[in-house]
Amino acid sequence: MARPFKNARYPGVSSRTKSGKLVYRYRAKGMPEIRLPGKPGDPEFEAAYEKATQNHGKKAAIVDLPGRALPKTFGHAARRLETTMEWLDFDEATQQKNARLIERFLNLQVDPNYPLTWRDTPVEHLDADRLRAMIEGIFATNRTVAKHMMVAIRKLLWVATDVEKWIRPQDDPSLSIRVRVPKSTKNPAWPITIREKFEERHPLGTAARTCYALGFWLGNRRGDIAALEWDDLVTEEVELFDGSLVLIEAFDFRQRKNRNRHGGREMFIPVVDKLAAALEPLDRLKGGTVLKTAYGRSFSEKSLTGMMQHWTRQADIPAGYTLHGLRRTFGTYLAECNIQARAIMEAMGHSSMTVTDEYVREANKKRIAVDIARAINEREAKRDAMKRRAALRVVK
């Protein structure tokens with residue numbers, strides 16, 4: 001039997017012991033029972049009780065004000081995040097993507113049996129077990145969304161720990177959770193055999209070969225290939241580390257990626273001999289973009305994806321080798337040339353070492369495999385030589 005909850009502040013609330021645990025519920029005449037989470041005084045309990053009493057009794061209308069946020073809750077953290085300089089530094093697309101994920105998280109119910117959402121829940125009440133269960137539920141259907149959701153929630157936790165100091169950094173429930181997404185198999189690097197087939201089918205001077213050369217030898221993204229202009233090609237004197245002075249022809253431009261965020265990364269990429277050979281037949285006098293259609297117009301960024309598919313089909317190249325794959329080919333090529341990771345990062349315009357390190361690891365795997373094969377061959381050669389060696393004859 002339920003026993004009355006003796007507190008005038010909570011009329012209609014009773015408690016009982018279930019499985020050794022004290023639980024609370026609200027009951028009104030003629031209405032179904034509502035279980036209340038936590039205990040009196042807890043934010044979850046107060047929010048659920050307020051909603052229950054508003055829905056019962058006089059059935060007062062509940063107005064959900066836009067932008068409302070209870071103090072120190074995830075809703076409060078979301079509002080505060082949007083005012084930080086780190087958030088304002090994101091480009092519009094990044095802000096919109098994170099805002100969608102954060103809103104999805106805020107609207108999730110803390111418990112499917114109760115109306116309380118994470119928007120109205122204090123940040124300190126999210127523990128690692130709840131967070132893991134939530135992310136694993138998303139991970140089961142879409143691993144990429146789970147990873148991005150984890151990133152979005154970490155932004156709110158960052159507000160709670162570093163900006164507002166609502167919780168201690170060591171109490172961050174996301175510290176023990178890592179969401180790993182399998183490496184994408186899309187846009188693979190072009191092996192030598194594929195590159196040779198493309199070069200054989202599309203001679204120097206064609207738009208296909210020019211696009212290929214800009215993608216491979218500059219490691220450019222699609223947008224940079226389409227926008228690259230002859231005015232970006234400069235000749236400069238450069239003093240090398242050994243003190244020698246050389247005259248270098250290079251493309252000096254700003255990447256289109258993150259242009260709205262911080263103006264785009266400034267790039268200075270010297271023209272190697274193979275790229276110079278691809279540019280030599282082109283008409284520079286007309287100016288404009290380096291890559292042009294048969295009508296002398298610039299390619300749009302989106303059209304290049306379809307055109308590369310068309311050009312690879314003409315070369316009888318299997319589907320899957322893309323324009324962005326040429327950028328990966330450039331990174332792989334540099335790593336295989338034993339270029340240092342920091343230099344590869346600068347050459348490709350990466351904002352962090354995460355992607356760069358992947359190129360270096362893949363190249364090092366091949367080197368290690370070759371060293372192992374050599375060691376095996378040398379050992380077997382020694383054994384074979386030992387077997388061929390004539391047995392010594394001992395003369396008394």
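Residues numbered from 1 in each chain as written. Predicted model: local features only at pLDDT ≥ 70, side-chain atom pairs only at ≥ 80, totals over all residues. Heavy atoms only, no water.

**Some words on the pattern of salt bridges**
Phase 1: Applying the stated criterion across every chain, the model contains 16 salt bridges.
Phase 2: Measuring nitrogen to oxygen at the nearest pair gives 3.4 Å for the salt bridge that ties Glu301 to Arg222. Of this pair, Glu301 sits in helix α12 (residues 301-314) while Arg222 sits in helix α9 (residues 222-227); the two residues are 79 residues apart in sequence, bridging distant segments of the chain.
Phase 3: Residue Glu301 is classed as partly exposed on the basis of its relative accessible area, which comes to 32%.
Phase 4: The salt bridge involving Glu346 is made with Arg265; its shortest N-O contact spans 3.2 Å. Taken together, the residues span a long stretch of sequence, with Glu346 in helix α14 (residues 341-348) and Arg265 in the loop between α10 (259-262) and β7 (266-270) at a distance of 81 residues. (Salt bridge = Lys/Arg side-chain N within 4 Å of Asp/Glu carboxyl O. Helix = DSSP H or I, 4+ residues; strand = E, 2+ residues; numbered from the N terminus. Buried < 20%, exposed > 50% of the residue type's maximum accessible area, 1.4 Å probe, protein only.)

**Description of helix α15 (residues 353-388)**
Phase 1: For α15, built from 36 residues, the straight-helix expectation of 52 Å at 1.5 Å per residue is met to within 8% by its first-to-last C-alpha distance of 52 Å.
Phase 2: If you check which residues of α15 are buried, you get Thr356, Tyr359 and Ala363. (Expected span 1.5 Å × (residues − 1).)

**A word on the sheet that holds strand β6 (residues 245-254)**
Phase 1: Pairing is antiparallel across the open sheet formed by 3 strands, whose spatial order is β5-β6-β7. A single partner strand is all that each edge strand has here, and the edge strands are β5 (233-239) and β7. Each strand of the sheet is rotated relative to its neighbour by a mean of 45°, with strand direction disregarded.
Phase 2: Looking at chain direction, β5 and β6 are connected through 7 bridges and run antiparallel. By the bridge assignment for β6, Val234 is matched with Ala250. (Pairing = 2+ DSSP bridges. Axes fitted to C-alpha atoms, helices over the stretch in contact; angles between N-to-C directions.)

**A closer look at the side chain of Asn98**
Phase 1: By the element assignment, Asn98 lies in helix α4 (residues 92-106).
Phase 2: A distance of 2.9 Å separates a polar atom in the side chain of Asn98 from the backbone oxygen of Thr94.
Phase 3: Once residues lying within four places of it in the same chain are set aside, the contact partners of Asn98 are Trp87, Ala152 and Lys155. (Polar contact = N/O pair within 3.5 Å; in protein donor to acceptor, adjacent residues only side chain to side chain. Contact = heavy atoms within 4.5 Å.)

**As for a nonpolar patch on the surface**
Phase 1: On the surface, Ile368, Ile372 and Ile376 cluster together to form a nonpolar patch covering roughly 290 Å² of accessible area.
Phase 2: Positionally, Ile376 belongs in helix α15.
Phase 3: Exposure remark for Ile376: the relative accessible area of 49% places this residue in the partly exposed category. (Patch = residues over 30% accessible without salt bridge, like charges linked within 9 Å, V, L, I, M, F, W, Y side chains within 5 Å. Areas by Shrake-Rupley, 256 points an atom, 1.4 Å probe, with all protein chains shown as cover.)

**A word on the nonpolar core**
Phase 1: Of all hydrophobic cores here, the largest spans 43 residues; its most connected members are Trp190, Leu214, Phe251, Leu275 and Leu279.
Phase 2: Ranked by the residues each element gives to this core, the list is headed by helix α8 (residues 207-217), at 7 residues.
Phase 3: When near neighbours in sequence (up to four residues on either side) are disregarded, Leu279 contacts Leu214, Trp230, Phe251, Val271, Arg284 and Val290.
Phase 4: Counting residues in hydrophobic clusters, the runner-up holds 31 residues, among them Val110, Val123, Ala146 and Trp166. (Core = buried A, V, L, I, M, F, W, Y, C linked by side-chain atoms within 4.5 Å.)

**A few points about the packing of aromatic side chains**
Phase 1: Per the stated rule, a full pass over the model turns up 16 aromatic pairs.
Phase 2: Aromatic pair Trp217 and Tyr333: ring centres 5.6 Å apart, planes at 85°, arrangement edge-to-face. Of the two residues, Trp217 is situated in helix α8 and Tyr333 in helix α13 (residues 323-336); the sequence distance between them amounts to 116 residues.
Phase 3: Judged by its relative accessible area of 14%, Trp217 is buried.
Phase 4: In this structure an aromatic cluster arises from ring pairing among Trp190, Phe198, Tyr212, Phe216, Trp217, Tyr321 and Tyr333. (Phe/Tyr/Trp six-rings, centres within 6.5 Å; stacked < 30°, edge-to-face > 60°.)

**A short note on a positive patch on the surface**
Phase 1: A cluster of basic residues, Arg16, Lys18, Lys21, Arg27, Arg35 and Arg130, forms a positive patch on the protein surface.
Phase 2: For Arg130, the location among the structural elements is in helix α5 (residues 128-139). (Lys, Arg positive; Asp, Glu negative; His and termini not counted. Charge placed at Lys NZ, Arg CZ, Asp CG, Glu CD.)

**Section: unusual backbone geometry**
Phase 1: Phi is positive for Lys72, close to 65°, though the residue is something other than glycine.
Phase 2: Note that Lys72 resides in the loop between α1 (43-55) and α2 (74-81).
Phase 3: Although it is not a glycine, Asn338 adopts a positive phi angle of roughly 65°.

**A closer look at the domain arrangement of the protein chain**
Phase 1: Entries for the protein chain in the domain assignment read domain 1 (13-55), domain 2 (74-171) and domain 3 (192-357).
Phase 2: With 7 residues of domain 1 at the interface, the matching set in domain 2 holds 5 residues.
Phase 3: Summed over both sides, the interface of domain 1 with domain 2 buries roughly 620 Å², with 75% coming from carbon and sulfur.
Phase 4: Among the residues of domain 1 in contact with domain 2, Arg35, Pro43 and Glu44 are the three that bury the most area, contributing 58% of the side total.
Phase 5: Summed over the shared surface of domain 1 and domain 2, the number is 0 salt bridges.
Phase 6: Where domain 1 touches domain 2, the interface holds 2 residue pairs in polar contact (both at pLDDT 80 or more).
Phase 7: Among the elements of the structure, β4 (34-36) and α1 are those that each provide at least two residues to the side of domain 1 that touches domain 2.
Phase 8: With 4 residues, α1 is the single largest residue contributor to the side of domain 1 that touches domain 2.
Phase 9: Looking at side-chain class alone, the side of domain 1 that touches domain 2 contains 4 nonpolar, no polar and 3 charged residues. (Domains from an automatic or database assignment. Buried area = accessible area lost by both parts, 1.4 Å probe. Nonpolar A, V, L, I, M, F, W, Y, C, P; charged D, E, K, R; others polar.)

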